[in-house]
Amino acid sequence: MFHADLNRTLVVAADLLNTSEGARSGSPSPDELTTVESLRSFVGEREAQQWPVGRLDRAQLERVLALRDTLHAIWSATPLDAEKDLTTLNGLLEGVGFTLTTGEGDGGDSEVHAAPVPVSRELADVMTAQIAYALSQLVILDESARLRTCRGEDCEAKIVDLTRNRSKLFCDFGNCANRAHVRAYRARKAAEREAARRSDKSAPADEERLAKPSAKDKAAQLDEPTSESAVAAKEFRSRMRDELMDSRAKQDKKKDKKKKKKKADKKKDGKKKDGKKSEKKSSK
Ligand SMILES: [Zn+2]
């Protein structure tokens with residue numbers, strides 16, 4: 001979406017946030033940055049950032065964790081347009097300069113862009129400068145709403161949407177997108193069944209018709225992207241409840257049948273025994 005360095009740094013910022021403890025695609029995930037060693041491997045896996053790896057110690061880890069906390073606050077405040085948000089970002093940018101350099105542009109061609117100059121060559125300072133600079137570019141371009149939290153159920157993963165049409169809503173940790181699509185599909189099916197059920201019934205009273213949205217309205221609501229997951233989840237829950245009630249009712253019926261059969265069998269047995277007794281009597 002932007003130039004290559006900016007895209008990569010934004011993804012790295014989301015990666016840093018996702019080292020935090022929290023739900024990922026339906027499963028709990030522990031804090032992955034608890035030791036200097038874990039910080040070293042996080043840095044080692046991102047060579048393209050050219051982060052200094054020489055002196056990594058507890059103090060650097062503490063500062064990187066503080067940066068992570070600040071980024072959480074920034075991500076949850078998007079779009080960043082309030083004075084308070086800018087103050088937070090300005091805090092990270094303090095002392096950071098920039099220089100002009102040539103690099104790969106959005107289309108793959110070489111182009112001139114600005115690169116941040118950190119306060120020092122210490123890891124925490126370099127990370128802070130790169131990430132704060134990338135975020136400031138998003139804010140200037142009025143694109144900070146691209147910093148998001150995954151819309152998947154039971155998922156707190158942070159994402160950065162680099163698609164042209166701003167369509168990325170889910171993380172890549174598991175199957176968040178797939179789970180949401182299944183939910184939406186089931187909700188649509190439930191709405192269709194509801195519509196069929198209603199059309200079978202005689203026309204409802206005027207008051208009821210006013211109070212309750214029609215199945216068509218409901219279906220239209222389900223297609224609204226903003227409320228889709230919430231509505232889908234609700235529909236899914238009520239459908240599960242209905243299915244549970246259905247299966248319970250069926251089980252109860254079966255039990256009743258079994259009981260009745262047992263009673264009937266007992267009666268039969270009794271009659272047979274009686275029959276045998278009377279046979280014996282009559283043979284005597
Ligand atoms: Zn997710």
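Residues numbered from 1 in each chain as written. Predicted model: local features only at pLDDT ≥ 70, side-chain atom pairs only at ≥ 80, totals over all residues. Heavy atoms only, no water.

**Side note on the nonpolar core**
Okay, so step 1: Counting residues in hydrophobic clusters, the biggest one holds 37 residues, and the most contacted among them are Leu16, Leu71 and Leu135.
Okay, so step 2: Contributing elements (two or more residues each) for this core: α1 (4-17), α2 (36-44), α3 (58-76), α4 (83-93) and α5 (123-140).
Okay, so step 3: For this core, the element with the most residues is α5, which contributes ten residues.
Okay, so step 4: Among residues more than four places away in sequence, those in contact with Leu71 are Ala13, Leu16, Leu17, Leu92, Ile131 and Leu135.
Okay, so step 5: Cys155, Ile159, Phe170 and Cys176 belong to the second largest nonpolar core, which has eight residues in total. (Core = buried A, V, L, I, M, F, W, Y, C linked by side-chain atoms within 4.5 Å. Buried < 20%, exposed > 50% of the residue type's maximum accessible area, 1.4 Å probe, protein only. Helix = DSSP H or I, 4+ residues; strand = E, 2+ residues; numbered from the N terminus. Contact = heavy atoms within 4.5 Å.)

**Some thoughts on the packing of aromatic side chains**
Okay, so step 1: Enumeration over the complete set of coordinates arrives at two aromatic pairs.
Okay, so step 2: With a centroid separation of 6.1 Å and 20 degrees between ring planes, the pair formed by Phe42 and Trp51 is classed as stacked.
Okay, so step 3: Residues Phe98 and Tyr133 carry aromatic rings whose centres are separated by 6.4 Å and whose planes lie at 35 degrees to one another, so their mutual orientation is tilted. Placement of Phe98 in strand β3 (residues 97-104) and of Tyr133 in helix α5 is noted, with a sequence separation of 35 residues between them.
Okay, so step 4: On the basis of relative accessibility, which here comes to 13%, the residue Tyr133 falls in the buried class.
Okay, so step 5: Taking NZ or CZ as reference, Arg24 lies 5.7 Å from the ring centre of Phe173, over its face. (Phe/Tyr/Trp six-rings, centres within 6.5 Å; stacked < 30°, edge-to-face > 60°. Lys NZ or Arg CZ within 6 Å of the ring centre and 35° of its normal.)

**A word on the pairing of β3**
Okay, so step 1: Strand direction decides the pairing type here: β3 and strand β4 (residues 110-117), joined by eight bridges, are antiparallel. Across the sheet, the residue bridging to Leu100 is Ala114, located in β4.
Okay, so step 2: Counted along the chain from β3 to the antiparallel partner β4, the turn is five residues long, and its residue Gly108 has a positive phi close to 95 degrees. (Pairing = 2+ DSSP bridges.)

**Considering unusual backbone geometry**
Okay, so step 1: Residues Thr78 and Pro79 are joined by a peptide bond in cis, for which omega reads 0 degrees.
Okay, so step 2: Here the phi dihedral of Asp154 falls at roughly 55 degrees; this positive angle occurs in a residue that is not glycine.
Okay, so step 3: For Asp154, a relative accessible area of 48% corresponds to the partly exposed category.
Okay, so step 4: Within the chain, Arg166 stands out as a residue other than glycine whose phi angle is a positive 50 degrees.
Okay, so step 5: Relative to the elements of secondary structure, Arg166 occurs in the loop between β6 (158-160) and α6 (176-200).

**Some words on the coordination of the zinc ion**
Okay, so step 1: Looking at the metal site, the zinc ion is ligated by Cys150 (SG), Cys155 (SG), Cys171 (SG) and Cys176 (SG), spaced 2.3 Å from it.
Okay, so step 2: One can describe the donor arrangement at the zinc ion as tetrahedral, given that its four donor atoms subtend angles of 106 to 115 degrees at the metal. (Donors = N, O, S within 2.8 Å, 3.2 Å for Na, K, Ca; no water. Tetrahedral: all angles 85-135°; square planar, octahedral: opposite > 155°, others 65-115°.)

**Description of the packing of α1 against α3**
Each pair of packed helices can be summarised by the angle the axes make with each other and by the distance between the axes.
Okay, so step 1: Two elements in contact, α1 and α3, have axes separated by 9 Å at closest approach and are oriented at 105 degrees. Taken together, the axis directions place α1 and α3 in an arrangement best described as roughly perpendicular. Mapping the contact onto sequence places Leu10, Ala13, Ala14, Leu16 and Leu17 in α1 and Val64, Leu67, Arg68, Leu71, His72 and Trp75 in α3.
Okay, so step 2: Considering only residue class, the contact of α1 with α3 consists of nine nonpolar, one polar and one charged. (Axes fitted to C-alpha atoms, helices over the stretch in contact; angles between N-to-C directions. Parallel < 35°, antiparallel > 145°, perpendicular 65-115°, else oblique. Nonpolar A, V, L, I, M, F, W, Y, C, P; charged D, E, K, R; others polar.)

**As for the environment of Leu17**
Okay, so step 1: Relative to the assigned elements, Leu17 resides in helix α1.
Okay, so step 2: The buried category is assigned to Leu17, whose relative accessible area is 1%.
Okay, so step 3: Sequence separation of Leu17 and Leu71 is 54 residues, and the distance between their C-alpha atoms is 7.1 Å.

**Notes on the side chain of Asp125**
Okay, so step 1: Tracing the chain through its elements places Asp125 in helix α5.
Okay, so step 2: Contact partners of Asp125, with chain neighbours within four places excluded, come to Arg63, Pro118, Val119 and Ser120.

**What about the packing of α1 against α5?**
Okay, so step 1: Following both chains from N to C, one finds α1 and α5 inclined at 115 degrees, their axes separated by 9 Å at the closest point. Here α1 is positioned roughly perpendicular relative to α5, judged by the angle of their axes. Crossing handedness for the pair α1 and α5: left-handed. Residue-level inspection shows Leu6, Thr9, Leu10, Ala13 and Leu16 of α1 in contact with α5, the latter providing Met127, Gln130, Ile131, Ala134, Leu135, Gln137 and Leu138.
Okay, so step 2: Split into classes, the residues belonging to the contact of α1 with α5 amount to nine nonpolar, three polar and no charged. (Left-handed = near helix turned anticlockwise from the far one by under 90°.)

**Let's talk about a nonpolar patch on the surface**
Okay, so step 1: Nonpolar side chains collect at one region of the surface, where Phe98, Leu100 and Val112 lie side by side and expose about 360 Å² of accessible area between them.
Okay, so step 2: By relative accessible area, Phe98 is classed as exposed at 54%. (Patch = residues over 30% accessible without salt bridge, like charges linked within 9 Å, V, L, I, M, F, W, Y side chains within 5 Å. Areas by Shrake-Rupley, 256 points an atom, 1.4 Å probe, with all protein chains shown as cover. Salt bridge = Lys/Arg side-chain N within 4 Å of Asp/Glu carboxyl O.)

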